[in-house]
Amino acid sequence: MKLKCKNLEISDELMNVGKQRSVLVMALATHKLKLSSFSSLFAKLSFSTTSNNNPLYDSSVADNLVSVFTRQPSAAAAIELNRFAPILTPPLVESVLTRLPTWKLALSFFQWASEQHHHGYRHNCYTYNTIASIFSRSRQTAPLRTLVKHLAESAPCSFTPGALGFLIRCLGQVGLAREAHHVFDEMRVKGLCVPNDYCYNCLLEALSKSGEVDLVEARLEEMKGFGWEFDKFTLTPVVQAYCKARRFDQALRIYNEMREKGWVDARVCAMLALSFSKWGDVDKAFELVESMEGHGMRLNEKTFCVLIHGFVKEGRVDRALQLFEKMCRVGFTPPVSLFDVLIGGLCKSNDAQRALSLLSEMKKFGVAPDVGIFTKLISAFPDRSVIAKLLEEVPEEKEEKTLVLIYNAVLTCYVNDGLMDEACRLLQMMVQSKSSDVQMDDFFKDKKLVFPNAASFSIVIDGLLTNGQLDLALSLFNDIKQFVGRPSVLMYNNLINGLCDSNRLEESRELLREMKVLEIEPTHFTYNSIFGCLCKRKDVLGAIDMLKVMRACGHEPWIKNSTLLVKELCDHGRAVEACGFLDSMVKLGFLPDIVSYSAAMGGLIKIQEVDRALNLLRDLSSRGHCPDVVAFNIMMRGLCKVNRVAEAEKLLDEIVVKGLCPSVVSYNLLIDSWCKSGSVDRAMALLSRMSGEDREPNVFTYSTLVDGFCREERPDDALLVWNEMERKGCSPNRVAFMALIYGLCKCNRPTAALQYLREMEHREMKPDSFIYIALLSAFLSDMNLASAFEIFKEMVYSGFFPKSHDKSYPIVMDAIDKFSKDHRTSSGIQVLMEEGKLPTRCLQ
DNA sequence: TTTTTGGGAT
């Protein structure tokens, strides 16, 4: 009998089923897997039973269940599905699970089965393992994690040691080592499983795969305590864990132990060899591979390849070649990538001849060289003599194709060497090769030229673009259309990008129109090149128009572009327009980045619109953003600048309340504010709060405080801060030195200041001119004419002399007057004058 | 990709 119910409404019965969802279903649902809710799936399902109301369990039942869960929800037979429930058994569930095509469907079915406990169905360890291995194979860590968590906590189910091992391996395969570690203990504590040595071995493997070397060691100890014997499968993961942790000696110790017991196999050897190679010890790795041969072991193809790549990377082409020969000897055909890396390595170590000989090797294996290999070979012979040789050896059956490859390689070499003229000339010859009678180059005479393909043009055009030869690139581009056909999107993108970089917006738009005509779909790159150009031009309306286009075809504007527009506008005092632009973005459904909002806030502050900036900060959360510390810092700076320090302080508290961590900058801003307003002691209090919160002060903090103390005429405290800075290993920069020197001068300590100038010079930092002026005036007011003159000379010799409109001009002139009138310095001034170091017109 | 230190200008 076949039952089929169509379009059933969800019945009360079904609603009840819905309410009975098990804890597991709820737990799995927290992963927001967008599975159609099970009840609605029910309502749409159709299914058939084999013969009567009490169907037998046979493979056709499994088939039915599979087809019910696989089929697109169509005609409904929801209630009928319930008839399966009473006959559900773990083997049936297993069999259905393994037949379902996707992990999502398997999960649906598993959930449904979990709900059937009122019919007496319970999962056993094999159904759990089946779904676990499905998740593991499809790398679904989230549901897998939920599954084991549930397994240990709320759905006790006993496991055989073998089953626990299997489960742990599923976890290990997707890196859930911690979970494996945990479930192992849970099962044991709850009495659901008595782990044996196999379980331990599986656990060790999972742990070592995730690099949990400490846990590996702990479990090993535990095993010993329980009296389990170690075997090959115990120690292999231990070697692996030590290798991963770069604990070289320990890895070798275990390896030797294994060797004594005769447990070494190809896998362990390969693992160790790969690690040696990774650590740069190519010879040891090679030695190991050699010793394998003596014991009848051999590497697999993949390991050969990885080792050869690694050897070349370490600059050991010699060993790489030896390994390569071994690989060929055991009968593997090396892939092109291996030839590529070896030829590259040989070229790099100036063994071009040997590289060339590998090409014949390729021929023997029937592996066709690609353009990259040709390029490497040609570059390796600076006289280009190899080109003729390559051309001679072109196999007849693939002549056309191979010739283009070779010529494209030549073009690439020209481009790489910046020989754009040569590249263009060759391309032109290739184009003309059709029309015969072309004057051939030395390299190419005797050889047939070949007509270029799209790649040939692309190589040259890209080269021209990176060389800034935009117009030449454009004219070649037109040739493509004539000779090769439709250009690729990539070529359009590169040209449009080049045009936009040169601010040639109209032409780039023309190319975009052309793409439309040719029905070449532009990409986000295409649109963003043009959008970026409009942003750079501060063309707000144009940018918004472009956004509309992008909205229509579903491409996102790049953050850097919209941020650039906001920044550019703000830099020119147009913060209000910037805000308008951001609003337009929102209206178009693009959420601007927090960075662009921060830039806008900064712009508003710049034009004294502090309250507007504050409003924007407040609005951010309603626009779907959580202001970050930088946004708060910008706002704090704005408030400090207009002396609303108390509000800035409140923002600092708000940062903490919001669960963010104030940065050094946040503190620096307040410290600076207090230093500038004569409250250096409050600033110092904040410094101690910083150390309490483990926020290291930086050179900005210390410079600010040094400045603050000097402003309050407390040079000794300034020096204390300075020493504290050096003690903490924070080395002063130019600005810090200048702050101290200038501050000490203001406090009438020119001699101390001069010491720090010397220290600064010793560290190869040059002060700004105002430092000389400060020292000069300080020495003069200290009546120290000799030192004043020394500084004056240094100033003059370093090429600095104030202009007549300069504020420091009268100071310097007054100094010269004093120097001239004093017998100790007058001759020195004379010398400077004779040397022409002093502007003559200033000296009447 | 946004934020912090020196002086001083116009």
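Above this note sits the structure.
If you're wondering where the values come from, they're calculated on a predicted model, not measured in any experiment.

## Remarks on the overall build of chain A
Counting its secondary structure elements, chain A contains 47 helices and 0 strands. Across the 844 residues in chain A, those meeting the buried criterion constitute 49%. Taken as a whole, chain A presents about 40,800 Å² of accessible surface, with 52% of it coming from carbon and sulfur.

## Focus on the protein's contact with DNA strand B
V595, N633, N668, K676 and D768 are the nearest of the 28 residues found near DNA strand B. For DNA strand B, the fraction of protein-proximal atoms (within 4 Å) that sit in sugar or phosphate groups is 54%. K567 is positioned with one of its side-chain polar atoms (N or O) 3.0 Å from a phosphate oxygen of DNA strand B. Mapped by element, the contributors of at least two residues to the surface near DNA strand B are α34 (594-606), α36 (629-641), α38 (664-676), α40 (699-711) and α42 (734-746).

## A word on the pattern of salt bridges
Here the idea is simple: oppositely charged side chains can pair when their charged atoms come close. By the definition in use, this model includes 55 salt bridges. Between D318 and R316 there is a salt bridge, with its nearest N and O atoms 3.1 Å apart. According to the relative accessible area criterion, R316 is partly exposed, its value standing at 23%. Between E726 and R763 there is a salt bridge, with the nearest N and O atoms lying 3.2 Å from each other. One end of the pair, E726, is in helix α41 (residues 715-727); the other, R763, is in the loop between α43 (750-762) and α44 (769-781), with 37 residues separating them in the sequence. Here the salt bridges do not stand alone but share partners, grouping D185, R188, R219 and E222 into one network.

## Topic: helix α15 (residues 248-261)
In an α-helix, one full turn covers 3.6 residues, which means residues spaced three or four apart are oriented alike. For α15, which comprises 14 residues, the first-to-last C-alpha distance of 20 Å matches the rise-based estimate of 20 Å (1.5 Å per residue) to within 8%. Within the sequence span of α15, burial applies to A251, I254, Y255 and M258. The buried residues of α15 occupy an angular sector of 100 degrees when projected down its axis, which confines them to one face. Every exposed residue of α15 that faces more than 90 degrees away from the buried side is listed here: D249 and E260. The secondary structure elements touched by the buried residues of α15 are α14 (232-244), α16 (266-278) and α17 (282-294).

## Remarks on the side chain of S114
By secondary structure assignment, the location of S114 is in helix α7 (residues 103-114). On the accessibility criterion, S114 (8% relative accessible area) is buried. Within the local environment of S114, its side chain forms a polar contact with the side chain of H123, the two groups lying 3.0 Å apart.

## Re the nonpolar core
It is characteristic of soluble globular proteins that their nonpolar side chains tend to be buried jointly. The biggest cluster of nonpolar side chains holds 289 residues, and the ones touching the most others in it are L65, F159, F581 and F792. The element that contributes the greatest number of residues to this core is helix α24 (residues 399-416), accounting for 10 residues. Beyond its immediate chain neighbours, meaning those up to four positions away, F581 contacts F531, V540, A543, I544, L547, S562, L565 and V566.

## Regarding a positive patch on the surface
On the surface, R139, K209, K244, R246 and K278 cluster together into a patch of positive charge. For R246, the position within the fold is in the loop between α14 and α15.

## What about the environment of N453?
Within the fold, N453 resides in the loop between α25 (420-432) and α26 (454-466). Residue class for N453 comes out partly exposed when judged on its relative accessible area of 30%. Considered as a pair, N453 and M430 are 23 residues apart in the sequence and their alpha carbons are 9.6 Å apart. Apart from the residues within four sequence positions on either side, N453 is in contact with V404, N408 and V484. A polar contact is formed between the side chain of N453 and the side chain of N408, at a distance of 3.2 Å.

## Description of the packing of aromatic side chains
The full count for this structure, using the stated rule, is 19 aromatic pairs. The interplanar angle of 75 degrees and the centroid separation of 5.5 Å between the aromatic rings of F324 and F339 together place this pair among those described as edge-to-face. Highlighted residues: F324 in helix α19 (residues 317-329) and F339 in helix α20 (residues 336-348), separated in sequence by 15 residues. Judged on exposure class, the residue F324 and its partner F339 are both buried. Look at F339 and you get buried, because its relative accessible area is 0%. Among the aromatic residues, ring-to-ring pairing joins F248, F276 and W279 into one connected group. Above the plane of the ring of F590 lies R551, whose end atom (NZ or CZ) is 4.2 Å from the centre.

## Remarks on helix α39 (residues 680-692)
For α39, which comprises 13 residues, the first-to-last C-alpha distance of 19 Å matches the rise-based estimate of 18 Å (1.5 Å per residue) to within 8%. Residues of α39 that are buried include every one of V680, A683, L686, L687 and M690, and no others. For α39, the buried positions fall inside an angular range of 110 degrees around the axis, keeping them on one side. Summarising the contacts, the buried residues of α39 are in contact with α38 and α40. Count one or two residues on from α39 and you reach D694, which has phi positive near 65 degrees.

## A closer look at unusual backbone geometry
Located in the positive-phi region is N350, a residue other than glycine, with phi close to 60 degrees. Topologically, N350 is positioned in the loop between α20 and α21 (352-365). On the accessibility criterion, N350 (71% relative accessible area) is exposed.

## Looking at the environment of V699
You can see V699 is positioned in helix α40. Put simply, V699 and V735 are 36 residues apart on the chain and 9.2 Å apart in space, counted from C-alpha to C-alpha. The contact partners of V699, leaving out residues within four places of it in the chain, are M725, C730, S731, P732, N733 and A736.

## Focus: the packing of α19 against α21
A packed helix pair is summarised by two numbers, namely the angle formed by the two axes and the spacing between the axes. Running from N to C, α19 and α21 point in directions that differ by 10 degrees, and their axes come no closer than 14 Å. Here α19 lies roughly parallel to α21, going by the angle between them. Note on packing geometry: the crossing formed by α19 with α21 is left-handed. For the pair formed by α19 and α21, the contact residues are L321, F324, E325 and C328 on the first element and R354, L358, E361 and F365 on the second. In terms of residue class, the contact of α19 with α21 is made up of 5 nonpolar, no polar and 3 charged.

Definitions and cut-offs
Residues numbered from 1 in each chain as written. Chains lettered and ligands numbered in written order. Predicted model: local features only at pLDDT ≥ 70, side-chain atom pairs only at ≥ 80, totals over all residues. Heavy atoms only, no water. Helix = DSSP H or I, 4+ residues; strand = E, 2+ residues; numbered from the N terminus. Buried < 20%, exposed > 50% of the residue type's maximum accessible area, 1.4 Å probe, protein only. Areas by Shrake-Rupley, 256 points an atom, 1.4 Å probe, with all protein chains shown as cover. Near = heavy atom within 4 Å. Polar contact = N/O pair within 3.5 Å; in protein donor to acceptor, adjacent residues only side chain to side chain. Salt bridge = Lys/Arg side-chain N within 4 Å of Asp/Glu carboxyl O. Expected span 1.5 Å × (residues − 1). Arc of directions from axis to C-beta. Contact = heavy atoms within 4.5 Å. Core = buried A, V, L, I, M, F, W, Y, C linked by side-chain atoms within 4.5 Å. Patch = residues over 30% accessible without salt bridge, like charges linked within 9 Å, V, L, I, M, F, W, Y side chains within 5 Å. Lys, Arg positive; Asp, Glu negative; His and termini not counted. Charge placed at Lys NZ, Arg CZ, Asp CG, Glu CD. Phe/Tyr/Trp six-rings, centres within 6.5 Å; stacked < 30°, edge-to-face > 60°. Lys NZ or Arg CZ within 6 Å of the ring centre and 35° of its normal. Axes fitted to C-alpha atoms, helices over the stretch in contact; angles between N-to-C directions. Parallel < 35°, antiparallel > 145°, perpendicular 65-115°, else oblique. Left-handed = near helix turned anticlockwise from the far one by under 90°. Nonpolar A, V, L, I, M, F, W, Y, C, P; charged D, E, K, R; others polar.

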